[in-house]
Amino acid sequence: MPIDATHDPALKSWVPGANDAGCDFPIQNLPYARLRPRGGDEPWRIGVAIGAQVLDLAAAAGQVPWPDDVEPLLQPLAVGDLAGFMALGRPAWKAMRAALSAALAEGSEQAPFLEPCLLPRSAVEYALPCRIGDYTDFYAGIHHARTVGSLLRPDAPLLPNYRWVPIGYHGRASSVVLDGSGIRRPCGQSRAGDAAEPTFGPSRRLDHELELGLWIGAANELGRPVPIEHAEDALFGVTPLNDWSARDIQTWEYQPLGPFLSKSFATSISPWIVTMEALEPFRRPFVRAADEPQPLPYLDSESNRARGSIDIRLEVRLQTPRMRAAGIAPVRISHSSALDMYWTPAQLVAHHTSNGCNLQRGDLLGTGTLSGPGRDQGGCLLELTRGGREPLALPGGETRTFLEDDDLVVLSAWCEGPGAARIALGSVEGRVLPAHAGR
C-alpha cells in the first residue's frame, strides 16, 4: 500500500470545511460508516465523511457519473452492505478510495452532481458498520500489562509467556454497541478483601479501557493460517474502541479461565472505520529492543519490521454530572500511542489464525488497553488510580477512583506527523447508567 495521490497533504476538497486546520475528516481520510438520514425509515447505506458532511453513497451511486470500473464497487455500498464491499478485496478498496478522492477534490467535474448527495453529519443516524460475527480482545499493550501485573503480582508483573505470544480471549460480539450508547452498570459476583463469601450486586469498580478496534475485511478458510506476509491483506480498517470492565467482578471470576461477565456487558466503538489505506503515511518500523525476545518466525517478516506499527495518538476524557451541570467540558485524564503496542496488527492476525482459526469479514479484534510509560498515560482508571488507592483529581474538587453513575467517558484517536495531513479516527462516547432496577 504505497503512498499515492490520495495522501498528498496539499490535496484540497471542494466541500466547505474539509480544508480547515484541525479538520478530523479531510480529503486524505475518507472513512466509512453505515448510516441514513435521521428521523426516518430510509434504508441503511454507507456514507463517507468529508469535513462536517457525509457523502451519501446511495445517492451518489444513482445520480453521479462514475467510471465503468467504479460502478460495481459502489453497488454494495449503496445498499449498506459494507461486508459485501470488503469481499471485493484490497484492489477494490484502493480503487474506490482513489475514485472518491478524485470526485471530492477541487476541480472535480463530478462536484455539481455530488453536492446534493452531501448530508450534515449532525443530520444522520448510525448503525453498526456490518454484522460482527466474532469479537476477540487482545492484550497487546505492554505498559498496561506491566502496570496491572505489578498491582496483582509485584514480584513478577509480566507472566513468562507475555513476551512470546500475543495474549487474547474471545469476547462477546452481541454486546458491541455504537458511540453514544448508554452503558448499564453490570451486576455480578465479587468478593471484598478477605470476606469468606462473595456477594452479588452492582459493580463498584467500573472502568473504561482505551483500545483500537481492527476490522477484518478478508476471510481465511478453516484450517488455513494466514502467513504474516499476507496478514495485512486481511485488515480493512481501524476504529476507537472502549472495552468496558467491571474490575471487582473480574478479580473474582478471572481464574482459571479469564474474563467472562466482567467484560461481556458492553464494548463501545465509533461508527467510523478509517481504512488501512488512509493510515499509510503513519506506518512506522516495528522494532523490538535487543534485550527483549525476538518474535518467533511465524510472527516475523521483513515488511512487518519495516512498517508494521502505526503512529496513532489516543486520549481519554472524563466528565462527571457535576462538571456537566457547571458547563465544564470533559477533561483529559490520559493519553497514549499505538506505537507502544508490543505486537503489531499483522502479528495479531497471524497469531489468531496460526492454529487454523477462520476469521470472517466483519470480525472485530481489540488491541487491548493501550497505555504509555508515563504516570498520566494509563489507558484505564485501574492504572491511573493505582488500583483505587490514589484517587484521580478532577475540576471542582471532585475525585474518581472508578466510574460513577452518569459519568461520561470519551475516547478519541488521531494521526499526525511531518509530510502528512492530520486525520482522525473519530471518537467513542459512553455514559454510565445505573444498574438494572431490582439489583
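About the thresholds
- Starting afresh in each chain, residues are numbered from 1 along the sequence in its written order.
- Where local features are concerned, this predicted model is filtered to residues with pLDDT of at least 70; where side-chain atom pairs are given and counted, the filter is 80 or more; whole-chain, interface and lining totals use all residues.
- Excluding hydrogens and water, the side-chain values take into account all heavy atoms of the structure.
- By the criteria applied, helices consist of DSSP H or I runs no shorter than four residues and strands consist of E runs no shorter than two, each listed in order from the N terminus.
- What the globule rule says is 2.2 Å times the number of residues to the power 0.38, and the radius of gyration is computed from C-alpha atoms.
- Residue exposure (1.4 Å probe, protein chains only): buried if accessible area is under 20% of the type maximum, exposed if over 50%, otherwise partly exposed.
- Residues count as neighbours in contact if any of their non-hydrogen atoms are within 4.5 Å of one another.
- All accessible areas in this document rest on Shrake-Rupley with a 1.4 Å probe, and a residue is counted as covered only by the protein chains that are shown.
- Neither His nor the chain ends is counted toward charge; the positive residues are Lys and Arg and the negative residues Asp and Glu.
- Every charge is mapped onto a representative atom, which is NZ of Lys, CZ of Arg, CG of Asp or CD of Glu.
- The rule for pairing is simple: two strands pair if DSSP sees at least two bridges between them.
- Angles here are taken between N-to-C directions and fall from 0 to 180 degrees, while the axes themselves are lines fitted to C-alpha atoms, restricted in helices to the stretch in contact.
- Salt bridges, as used here, are contacts in which a Lys or Arg side-chain nitrogen is within 4 Å of a carboxyl oxygen on Asp or Glu.

Chemist: Just to check I follow, could you spell out the overall build of the chain for this structure?
Modeler: What the chain contains, in helices and strands, is 11 helices and 26 strands. Computed over its C-alpha atoms, the radius of gyration of the chain comes to 22 Å, within 12% of the 22 Å expected for a compact globule of 439 residues. Along the first, second and third principal axes, the C-alpha atoms of the chain reach 70 × 55 × 40 Å. Taking all 439 residues of the chain together, 54% fall into the buried category. Taking as baseline every contact in the chain between residues at least 6 positions apart, the subset at least 24 positions apart corresponds to 74%. Looking at the chain as shown, the accessible area adds up to about 18500 Å², and 53% of this sits on carbon and sulfur atoms. Distance from the positive charge centre (40 side chains) to the negative charge centre (51 side chains) of the chain: 5 Å.

Chemist: Please explain the sheet that holds strand 20 (residues 313-319) as it appears in this structure.
Modeler: Judged by pairing direction, the sheet is mixed, and its five strands sit side by side in the order 9-26-25-20-21 without closing on themselves. The open sheet has two edge strands, strand 9 (182-184) and strand 21 (331-337), and neither has a second partner. Averaged over all pairs of adjacent strands, the angle between strand axes in this sheet comes to 25 degrees, irrespective of strand direction. Bridge count between strand 9 and strand 26 (residues 420-433): three bridges; the pairing is parallel.

Chemist: Even after reading the chapter, I still don't get unusual backbone geometry, so can you show me in this structure?
Modeler: Most of the time, phi is negative for any residue but glycine, and the peptide bond is trans. The omega angle of the peptide bond from Q255 to P256 is 10 degrees, so this bond is cis rather than trans. Tracing the chain through its elements places P256 in the loop between helix 7 (247-253) and strand 16 (267-269). Phi is positive for R386, close to 50 degrees, though the residue is something other than glycine. If you trace the backbone, R386 turns up in the loop between helix 11 (381-384) and strand 23 (392-393). Notably, D406 is not glycine yet its phi reads approximately 75 degrees, a positive angle. Looking at the secondary structure, you find D406 in the loop between strand 24 (399-400) and strand 25 (408-417). By relative accessible area, D406 is classed as partly exposed at 29%.

Chemist: Hey, could you run me through the pattern of salt bridges in this one?
Modeler: Throughout the structure, instances matching the rule amount to 29 salt bridges. The salt bridge partner of D311 is R313, with a shortest N-O separation of 3.2 Å. Residue classification places D311 among the buried residues on the basis of a relative accessible area of 8%. With a shortest N-O distance of 3.2 Å, D406 and R324 are connected by a salt bridge.

Chemist: Would you explain the environment of S301 in this entry?
Modeler: When you line up the elements, S301 lands in the loop between strand 18 (283-284) and helix 8 (302-307). Exposure remark for S301: the relative accessible area of 6% places this residue in the buried category. Residues S301 and A346, 45 residues apart in the sequence, show an inter-C-alpha distance of 9.9 Å. Apart from residues lying up to four places away in sequence, S301 is in contact with I228 and E229.

By themselves, these figures tell us nothing about what the structure is for.
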